[in-house]
Amino acid sequence: AYPMSQSIILSIILSCFYCVAPLLAQESSKAETVAIEAVVTGLFDAMRANDSTQAAPLFHESETLRSIGSSEEGVVLHETPIAAFVQAVGMPRETVWDERITNLRIVQDGLMAMAWMDYSFYVDSQLHHCGVNAFTLIKTVGSWQIIQITDTRREQDCPERP
């Protein structure tokens, strides 16, 4: 048997790296998707738990909540500062805010991600309204944070969600 030259060994190592690198990138992407989904579901868990201390770290300090609705005059855009929303999540109340989501889709490019989902909002077990949520998130040091939520709201033709 002839000893392998260093260039052949290097070629084999590089070939293995080029085969494995896409798999590692795919795993990283899966991990990021799981982390983003945890932020999204964490917000709805905090709302159900009536816990503003659980909700607050999920948001970047410059976030604003936007809701698109309609009136007789046309489209209406409501804006709520995130501090007011987080405070409302933790306000004492007798009812449970239960936002149920389906069809969660996440796309990510580097430090930015979008999460789009259908939702139905329940107060206790009573369906209140529904629509879609669009979250924009950024990766800060060590975690994903929400920088924007825009949703649509309607009270008609709302599907029941499990």
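Reading the values: the criteria
Residues numbered from 1 in each chain as written. Predicted model: local features only at pLDDT ≥ 70, side-chain atom pairs only at ≥ 80, totals over all residues. Heavy atoms only, no water. Salt bridge = Lys/Arg side-chain N within 4 Å of Asp/Glu carboxyl O. Buried < 20%, exposed > 50% of the residue type's maximum accessible area, 1.4 Å probe, protein only. Core = buried A, V, L, I, M, F, W, Y, C linked by side-chain atoms within 4.5 Å. Helix = DSSP H or I, 4+ residues; strand = E, 2+ residues; numbered from the N terminus. Contact = heavy atoms within 4.5 Å.

Draft legend 1. Main features of the pattern of salt bridges. Going through the model one piece at a time under the given rule, you end up with 6 salt bridges. Across the salt bridge formed by Asp98 and Arg100, the nearest N and O atoms sit 2.9 Å from each other. Residue class for Asp98 comes out buried when judged on its relative accessible area of 11%. A network of salt bridges, in which partner residues are shared, links Asp45, Arg48, Asp98 and Arg100.

Draft legend 2. Quick peek at the nonpolar core. Counting residues in hydrophobic clusters, the biggest one holds 25 residues, and the most contacted among them are Leu43, Phe59, Phe85, Phe135, Leu137 and Ile146. Elements with a contribution of two residues or more to this core: helix 1 (6-49), strand 1 (59-71), helix 3 (82-90), strand 4 (112-123), strand 5 (126-140) and strand 6 (143-152). It is helix 1 that provides the largest number of residues to this core, a total of 7 residues. Setting aside its immediate chain neighbours within four residues, Leu137 contacts Ile36, Val39, Leu111, Met112, Ala113, Ala115, Trp144, Gln145, Ile146 and Ile147.

These results come straight from atomic positions and should not be treated as a statement about function.
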